[in-house]
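# Observations on chain architecture
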Amino acid sequence: MQPHQAFFHEYRMMYRPFINKLNVYLASHQLYSSQWAILRLLINEKSLTLVEISNSLNVEKPTTTRMIQKLIELGYVTTVPGKDKREKKVQLTSFGHDVCKDVQVTIEQFQLDALEGVSEDEQIIVSKVLETVRNNLLK
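Below or above, wherever it landed, is the structure these notes cover. (Residues numbered from 1 in each chain as written. Predicted model: local features only at pLDDT ≥ 70, side-chain atom pairs only at ≥ 80, totals over all residues. Heavy atoms only, no water.)

## Here's the deal with the pattern of salt bridges
Which entries qualify depends on this criterion: Definition used for salt bridges: Asp or Glu carboxyl oxygen within 4 Å of a side-chain nitrogen of Lys or Arg. Note on conventions: DSSP H or I runs of at least 4 residues are helices, E runs of at least 2 residues are strands, and numbering of each starts at the N terminus.
The tally for this structure, following the rule as stated, stands at 1 salt bridge. A salt bridge links Glu52 to Lys89; the nearest nitrogen and oxygen atoms lie 3.9 Å apart. Placement of Glu52 in helix H3 (residues 50–57) and of Lys89 in strand S3 (residues 88–92) is noted, with a sequence separation of 37 residues between them.

This is the structure we're talking about:
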């Protein structure tokens, strides 16, 4: 197997087990990894439109709409008026902020356990490599 083939093979072999196990941890917060991705985005960006969330996560707007609706039902996010009547911004509620703090505590050890035996330098290198691959795919 060529190095590039091994890279993508190992990524695929790691991805599903990672997401499946992450979803087990997130279940205690009534979340799935895709919903957590939205909450993580809102932690950093404060408020975003549905289109901005969809674009950031590279998912279709209807999918984002369904995930946002579930997060609203859970009380984790709310919508506020945007620049005009058609635009709505999504932001975390106070409860949502608290949930995000709890989730981060919940998954911290899971992430550290998953990276056991991987040095911080290696983590930084792999993060940069994955960022470069993502940017190449989005060209």
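Now that the structure is up, let's keep going.
## Some thoughts on the nonpolar core
For clarity, the threshold we go by: By nonpolar core we mean a set of buried residues, namely Ala, Val, Leu, Ile, Met, Phe, Trp, Tyr and Cys, connected to one another through side-chain atoms within 4.5 Å. Classification of residues uses two cut-offs on accessible area relative to the type maximum, computed with a 1.4 Å probe and protein chains only: under 20% is buried, over 50% is exposed, and between them is partly exposed. It only takes one pair of heavy atoms within 4.5 Å for two residues to be counted as in contact.
Counting 23 residues, the largest nonpolar core has Leu31, Leu39 and Val77 as the members making the most contacts within it. Elements with a minimum of two residues in this core: helix H1 (3–26), helix H2 (33–45), helix H4 (61–74), S3 and helix H5 (94–114). Aside from chain neighbours lying at most four places away, what touches Leu31 is Asn23, Leu26, Trp36, Leu39, Leu71, Leu74, Tyr76 and Val103.

## Regarding the sheet that holds strand S2 (residues 77–81)
Let me state the cut-off plainly: DSSP calls a pair of strands paired once it identifies at least 2 bridges connecting them. Lines fitted to C-alpha atoms define the axes here, with helix axes fitted over just the stretch in contact, and angles between the N-to-C directions of these axes take values from 0 to 180 degrees.
If you walk across this open sheet you meet the 3 strands as S1-S3-S2, and the pairing is antiparallel. The sheet terminates laterally at strand S1 (47–49) and S2, the two strands that pair on one side only. Pairwise comparison of adjacent strand axes, ignoring direction, gives a mean angle of 35° for this sheet. In terms of strand pairing, S2 meets S3 through 5 bridges, oriented antiparallel. Paired with Val77 across the strands is Leu92, a residue of S3. Contacting S1 and S3, H3 runs over the sheet at an angle of about 90° to S1.

## Focus on the environment of Leu71
Positionally, Leu71 belongs in helix H4. Residue class for Leu71 comes out buried when judged on its relative accessible area of 0%. Separated by 33 residues in the primary sequence, Leu71 and Ile38 have C-alpha atoms spaced 9.2 Å apart. With residues up to four places along the chain from it excluded, the contact list for Leu71 reads Leu31, Gln35, Ile38, Leu39, Tyr76 and Val77.

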